[in-house]
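Chain residues, written in single-letter form:
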Amino acid sequence: MAINRRGFVIGSSIAVAGAAAATTGTPAAFATPRERHILPIGHPVEPPEDIDFVGVTFSKRPTSHARIRFSADGSPSDWVSVRPSSHCPDWHPYGTASDLVPVPPDCTSIEVQNDDEAAEATPIAISGLQSITSAFSQTVNFLSLPVITRAGWGAEETLGRRASGGVRWSPSFSSPQIITVHHSAIATARNAAATVRAIHRYHTATLGWGDIGYHLLIDPAGSIYAGRSTGNALAPVFADGDSATDRLVVGGHSYAFNEGNLGICLLGDFTSSAPTQAARETLVSLLAALCSALGLDPEGHSSYVNPGTGATAQVWSVAQHRELNSTSCPGDAVAMNFSQIRTEAARRLRTGASTSISNPGAQASASSAPEVLPVSVLEG
Ligand SMILES: [Zn+2]
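A few points on the structure.

Each value, and the rule that gives it
- Residues numbered from 1 in each chain as written.
- Predicted model: local features only at pLDDT ≥ 70, side-chain atom pairs only at ≥ 80, totals over all residues.
- Helix = DSSP H or I, 4+ residues; strand = E, 2+ residues; numbered from the N terminus.
- Contact = placed C-beta atoms within 7 Å.
- Buried ≥ 20, exposed ≤ 12 C-beta atoms within 10 Å, placed from the backbone.
- Pairing = 2+ DSSP bridges.
- Axes fitted to C-alpha atoms, helices over the stretch in contact; angles between N-to-C directions.

1. Observations regarding the overall build of the protein chain
Logical step 1: When helices and strands are counted, the protein chain shows five helices and 21 strands.
Logical step 2: A separation of at least 24 residues holds for 74% of the contacts in the protein chain among residues at least 6 apart in sequence.

2. Overview of unusual backbone geometry
Logical step 1: Note the cis peptide between Cys-329 and Pro-330, where omega equals 10 degrees.
Logical step 2: Examined against the element boundaries, Pro-330 turns out to sit in the loop between β21 (318–320) and α4 (332–335).
Logical step 3: At Val-237, a position not held by glycine, the phi torsion is positive, near 70 degrees.
Logical step 4: Structurally, the position occupied by Val-237 is in the loop between β16 (224–226) and β17 (248–249).
Logical step 5: The buried category is assigned to Val-237, around which 27 C-beta atoms lie within 10 Å.
Logical step 6: The residue Ala-256 is not glycine, and still its phi comes out positive at about 75 degrees.
Logical step 7: Here Ala-256 lies in the loop between β17 and β18 (261–266).

3. Observations concerning the environment of Pro-62
Logical step 1: Relative to the elements of secondary structure, Pro-62 occurs in the loop between β4 (51–58) and β5 (66–72).
Logical step 2: Expressed as a C-alpha distance, the spacing of Pro-62 and Ala-119, which sit 57 residues apart in the sequence, is 5.3 Å.
Logical step 3: Among residues more than four places away in sequence, those in contact with Pro-62 are Pro-84, Asp-116 and Ala-119.

4. As for the sheet that holds strand β15 (residues 216–218)
Sheet strands pair by backbone hydrogen bonding; their relative direction is either parallel or antiparallel.
Logical step 1: On the basis of which strands lie adjacent, the open sheet formed by seven strands has the order β11-β12-β16-β15-β18-β14-β21 and mixed pairing. Across the chains shown, the open sheet's two edge strands, defined by having one partner strand only, are β11 (139–142) and β21. Neighbouring strand axes in the sheet, compared pairwise and without regard to direction, differ in orientation by 35 degrees on average.
Logical step 2: Relative to strand β12 (residues 145–148), β11 runs antiparallel, the two sharing four bridges. Looking across to β12, one finds that Thr-139 is bridged to Ile-148.
Logical step 3: Of the strands in this sheet, β12, β14 (178–183), β15, β16, β18 and β21 touch helix α3 (residues 277–294), which is tilted by about 170 degrees from β18.

In short, geometric facts, not functional conclusions.
Shown next as structure tokens:
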């Protein structure tokens, strides 16, 4: 292993030529080489240049959480608990990686501690993501809503390919049964597309899945991003686009509950603050459009069965991640309002009201009463 000039161990280099494999338009340009920066455990270090996030992988599911803190001008932040995440494909070892943790822009040192010596922790800096200089905005019409294509947000498609050129996580398809809403559990970077690229890079290369796990992502301005590849750059979510809604590409967002489960990720951490009004409006529009296309009642329930893992659950047809896995996702501030979101989606579906996106940047207010979940969940 090599040591860079700031003292970080540089792990296996990830070769990236830079261009997104778009079928149309001008590909994004990447200005810096891609390296995998492994941070040490147990003492503070200066962050690598252009670092955006830190992710932590574990050699096995830890019995206690790792911790991370950041310093600015010598003043350390409080410790942030780094928990194993259930945002992963059905075939990935459960609980062996965290979600990403955002690095403050004024950070001068990073310190990671791991209290479970039996589960080796490896903190990895995700850096250089904001060096994309010419990502372009390309959208496709998806169920009458504009969705930014993978090329449009600058997906580094080469990360998901083998040296031979083949795709590492080939798309497979299943019949859609439910929709699950998530939050990314991280503050959105200054550039929302850079956050999508960070998640894609982390899932695809760092964790080795070969692609991003979510089907669709929504940023604070209410824009929708295409996630998991169907193999068709211009057809998100479903094989052959929204003309073939009976074939949903299998993603990796709710462990053991992925086949037939369409994952939508709200970018942001909604533990204590609500999504923007623009993001909420887009979520309602998207849920109404998807439920209409799939024949789902936004306020109804489904008997979910995963044909691959055998996991079953009696859940809302429009579920929150916390109804499937042991997680707080999509955050208490979303959960408090989720019955209203379902009701608004149902009303919009019935009335066929406009699905236009408006009021970007406005904050939604959270109600004070948490939603009661009147369903039982059978863990698989
Ligand atoms: Zn989630």
